[in-house]
Amino acid sequence: MESIRGRLTVWYATALILSIAVFAVVLYVARRSATYQDLDRRIQSEANLIAGILAESYRARGVLVEKDTAGRPVLISEVAAVLEVVPDYLLVTSQDGQLLFGSPDARSLGFVQFEQLTALANTPNGLASASAPRRYQMPNGPTLHYVNRPVPEAGGQIGTILAGADTRSAELQVAQLVTTILIAFLVGIVPAVLVGRWIAGRALEPVDSMITEIREITDGRSLHRRLPVPMEKDELARLAATLNQMWTRLERSFVALRRFTADASHELKTPLTVVRAGVERAITRPDMPPETLAALEETLQEVNRMTELLDSLLTLARADEGRAELHREPVDLREIVEEAGETGELLAEHAGVGMEIRLPPDPVVVSVDRSRLRQLALNLIENAVKYTPRGGQVSVELGNNDGRAVFTVADTGIGIAPGDLPHVFDRFWRADSARTRTSERAGTGLGLAICKWIAEAHGGTIDVQSRPGRGTTFTVGLPHG
Amino acid sequence: MKILVIEDDKTVGEYVRRGLDEAGYHVDLVGDGDEGLKRASGRGGNYDIMVLDLRLPKLSGIEVLRTLRDRGVGLPVLVLTAQDSVDFKVQALRMGADDYVTKPFAFEELLARVEALGRRPKAIAPPTLKVNGLALDTGSREVMRDGKRIELTPKEYAVLEYLMRHQGRVMSRTLITEYAWDYHFDPGTNIVDVVITRLRKKIDHAKEPKLIHTVRGVGYVVRA
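Since we're looking at a predicted model, the values are computed, not measured.

## Let's talk about the overall build of chain B
Consideration 1: For chain B, the count of helices and strands is eight helices and twelve strands.
Consideration 2: Buried residues in chain B amount to 42% of all 224 residues.
Consideration 3: In chain B, the share of contacts with a sequence separation of at least 24, taken over all contacts with a separation of at least 6, comes to 56%.

## A look at the overall build of chain A
Consideration 1: Summing up its helical and strand segments, chain A has ten helices and 14 strands in all.
Consideration 2: Taken over 481 residues, chain A has a buried fraction of 30%.
Consideration 3: Excluding contacts between residues fewer than 6 apart, the proportion of contacts in chain A whose partners are at least 24 apart in sequence is 65%.

## What to know about the interface of chain B and chain A
Consideration 1: Counting residues at the interface gives 38 residues for chain B and 43 residues for chain A.
Consideration 2: Broken down by element, the residue count for the side of chain B that touches chain A peaks at four residues, all from helix α8 (residues 191-203) of chain B.
Consideration 3: Across the side of chain B that touches chain A, the residue classes break down as 17 nonpolar, ten polar and eleven charged.

## Some words on the packing of helix α7 (residues 290-321) of chain A against helix α10 (residues 447-457) of chain A
Residues and elements named next belong to chain A.
Consideration 1: At their nearest, the axes of α7 and α10 sit 10 Å apart, and the two run at 40° to each other. Of the possible angle classes, the one that applies to α7 and α10 is oblique. For the element pair α7 and α10, the recorded crossing hand is left-handed. Where α7 abuts α10, its residues Ser-312, Thr-315, Leu-316 and Ala-319 lie against Ala-449, Ile-450 and Trp-453.
Consideration 2: In the contact of α7 with α10, the residues fall into five nonpolar, two polar and no charged.

## Focus on the sheet that holds strand β6 (residues 143-150) of chain A
Residue and element names in this part refer to chain A.
Consideration 1: Taken together, the five strands give an open sheet; going across it, the order is β4-β3-β7-β6-β5, and neighbouring strands pair in antiparallel fashion. A strand with exactly one partner marks an edge of an open sheet, and here the two such strands are β4 (99-102) and β5 (134-137). Averaged over neighbouring strand pairs, the angle between their axes works out to 25° when direction is ignored.
Consideration 2: As paired strands, β5 and β6 are joined by four bridges and run antiparallel to one another. If you follow Tyr-136 over to β6, its bridge partner there is Leu-144.

## Brief notes about the packing of helix α6 (residues 235-283) of chain A against α7 of chain A
All names here are of chain A.
Consideration 1: Contact geometry for α6 and α7: axes closest at 10 Å, N-to-C directions at 165°. Comparing their axes, α7 and α6 come out roughly antiparallel. Crossing of α6 over α7 shows left-handed handedness.
Consideration 2: Of the residues assigned to the contact of α6 with α7, the class counts are 16 nonpolar, four polar and six charged.

## Quick look at the sheet that holds strand β4 (residues 77-81) of chain B
All names here are of chain B.
Consideration 1: Pairing in this open sheet of five strands is parallel, and the strands run β2-β1-β3-β4-β5 from one edge to the other. Lying at the two open borders of the sheet, with one neighbouring strand each, are β2 (26-30) and β5 (99-102). Strand-to-strand, the axes of this sheet are offset by a mean angle of 20°, without reference to chain direction.
Consideration 2: As defined by bridge partners, strand β1 (residues 2-6) adjoins strand β3 (residues 49-53) across four bridges and the pair is classed as parallel. Note that in β3 the partner of Ile-3 across the bridge is Ile-49.

## Comments concerning unusual backbone geometry
Most peptide bonds adopt trans geometry, and most residues besides glycine take a negative phi value.
All names here are of chain B.
Consideration 1: With an omega of -10°, the peptide bond between Lys-103 and Pro-104 qualifies as cis.
Consideration 2: Cis geometry is found at the peptide bond from Glu-208 to Pro-209, where omega equals -5°.
Consideration 3: Looking at the element boundaries, Pro-209 is found in the loop between α8 and β11 (212-215).
Consideration 4: Even without glycine at this site, Asp-146 takes up a positive phi of about 50°.

## Considering the pairing of strand β8 (residues 142-145) of chain B
If a strand is regular, its side chains alternate between the two faces of the sheet.
Residue and element names in this part refer to chain B.
Consideration 1: In this structure, strand β7 (residues 134-137) lies alongside β8, joined through four bridges in antiparallel fashion. Bridge pairing in β8 links Asp-137 to Glu-142.
Consideration 2: With antiparallel pairing between neighbouring strands as the criterion, β7 and β8 make up a hairpin whose turn holds four residues, including Arg-141 at a positive phi of roughly 60°.
Consideration 3: Of the pairings in the sheet, the one linking β8 to strand β9 (residues 148-150) comprises three bridges and is antiparallel in character.

## Section: the confidence of the model for chain B
Consideration 1: The share of residues in chain B with pLDDT of 70 or more is 90%, and the mean pLDDT across the chain is 84.
Consideration 2: Interface confidence for the predicted complex, given as ipTM, is 0.77, next to a pTM of 0.59.

## Details of the environment of Phe-254 of chain A
All names here are of chain A.
Consideration 1: Take Phe-254: it is sitting in helix α6.
Consideration 2: Sequence spacing of Phe-254 and Arg-318 is 64 residues, and the spatial spacing of their C-alpha atoms is 10.0 Å.
Consideration 3: Setting aside residues up to four positions removed in sequence, Phe-254 forms contacts with Leu-223 and Glu-321.

## Notes on helix α8 (residues 333-351) of chain A
Consideration 1: A rise of 1.5 Å per residue sets the reference length of α8 of chain A, with its 19 residues, at 27 Å; its end C-alpha atoms lie 26 Å apart and thus fit the reference within 8%.
Consideration 2: In the segment just after α8 of chain A, Gly-352 of chain A is the residue with positive phi, at about 70°.

## Comments concerning helix α5 (residues 107-118) of chain B
Consideration 1: Compared with an ideal rise of 1.5 Å per residue, which puts twelve residues at 16 Å, α5 of chain B spans 16 Å between its outermost C-alpha atoms and is within 8% of the ideal.
Consideration 2: The positive-phi residue at the C-terminal boundary of α5 of chain B is Arg-119 of chain B, with phi of around 45°.

## Comments concerning the pairing of β11 of chain B
All names here are of chain B.
Consideration 1: Bridging between β11 and strand β12 (residues 219-222) involves four bridges; their strand directions are antiparallel. When the bridges of β12 are listed, Thr-214 appears paired with Tyr-220.
Consideration 2: Taking the residues between adjacent antiparallel strands as the criterion, β11 and β12 are bridged by three residues, where Gly-217 takes a positive phi near 80°.

Cut-offs used in this document
Residues numbered from 1 in each chain as written. Chains lettered and ligands numbered in written order. Predicted model: local features only at pLDDT ≥ 70, side-chain atom pairs only at ≥ 80, totals over all residues. Helix = DSSP H or I, 4+ residues; strand = E, 2+ residues; numbered from the N terminus. Buried ≥ 20, exposed ≤ 12 C-beta atoms within 10 Å, placed from the backbone. Contact = placed C-beta atoms within 7 Å. Nonpolar A, V, L, I, M, F, W, Y, C, P; charged D, E, K, R; others polar. Axes fitted to C-alpha atoms, helices over the stretch in contact; angles between N-to-C directions. Parallel < 35°, antiparallel > 145°, perpendicular 65-115°, else oblique. Left-handed = near helix turned anticlockwise from the far one by under 90°. Pairing = 2+ DSSP bridges. pLDDT = per-residue confidence, 0-100. Expected span 1.5 Å × (residues − 1).

And the structure:
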């Protein structure tokens, strides 16, 4: 799940389903046992009621059993007529185990099952009243709960009565309950999950607006801003307060860094200025011996090298801080490439490398920082010439592609090893020094890092493709406008 | 022309003072912002240009600039700064500075900018520079040798102009590069050698006397 909101919804739905399931199980178990208790209570009171009727009839008539036409003993017809309307299974037996009466439900059973029922009725329970309800599963027949009750009040004419009931009706009630729960569950879960999702969304709304504000603050220029801390001291308020503390510390260290870069540039550049001033004065004096001049020229080169390194470091330090600013204006990139190209041609001629510059016929106007773009173009061209052996070729091209200005510098030079490719834009990265022309001074190692920053600060991209021994192509894409 | 230089570093200040002095300016040098502000807005001043270091004791360069502009003093100001960040420069320009030079600077660059602010013809450079039959018109950027026109690329022209302006003096490769490449390009190779080779082909080839001479390990000199 991508968002906390989604996860919350899933958790919520899971918890809901689980609790409903537990509820349903508990309800099912409770309902089932209550139904069986009802059933048991019913057969017990039935047994007692029948026993009462039989005892009453005995007191009124003194006789309960007569012979039927086949000569078997049966209950007298008046009593039998009363018992005929009793539902469920009811058997009345004599003391010697003869069946005196069977209710209609009992009679509707198959022969084998009826015999089993009779056997159950003749199992004495050893009590003077109704036994505890028992459960009996008839082979290939219904399951029933039954009680046995002796009827001593009937003057010995009656042995036992059996009252029993099929459990099917009880099971049916419980099954109906389960169906109802399932339907309610299915109907209820969808809106419940939707509502849960909505609640999660509402609860997380402040987090979303917080994210927007944090993004605005973190862009580097708005570090002085703070998140509003809500009045309620809830988790979000604590989060906001913690973030604010973090920004206070970040801001402090940024201010320190800024002061450091300002101090460093001043403290390092002032002595450089002093050295340079001295060297320049001496080197332009008319009557210096050539050896002294040569030493001064070397010093001057070193001063420039240090200045360049210092400027690059400071530029990157400010870029890290998000504070290196661009002075943008609409510029026809052809001017910049042409100018850098002229310098490139001179460098190429010196290195014995061919140079080709292709410019489009129409202006390529982009809003850029002119001096930064010049630096970018020169750096790439200079690099290309530097890593191309005598006799090679450097091609510089400016064009439009896909609504972007595209500047390409391709060479047929030594190329870059695949393992080094991801690192070419790293600071202080340098190709294996053995492979550059020894006559040349090594660069600062910051050139490509700065190129990358310049391209990206303009909202553009810089890419490199290379094959060792075949050459390297740098491509800079800048968005128009 | 009078120039007020406000710079707390004595060596740098003295270097600027002497250099401008040699270029024919009258220069006063002060070491802090307070004093500089007094001089610039006081009556006896009458300066034509101010060269202002931004980091000064007592009163910072930015404050000097702001106070000056608040008082309605329109004196052109050239700012010296060690900061090369754009926002710092933009801030200085917004405060009323007219131009800036980044430390460490080549004196030629400072001089060029002071001259531009003074809006006067280049006193040290006559419109046409001449060395023994070679003529360079700084206005039209035309170059002739013995009356024949020579076509030069912009960089070739810049290098030649620089050498001719300082004719008879050995100019180091670094100084030439800085001048021809706008002071902020260090190619790290002797690119000037290539330009000189081209210039020799166009100017000295099959001609006598040779005008461009090499000084080994240092640079070049144009002399008759």
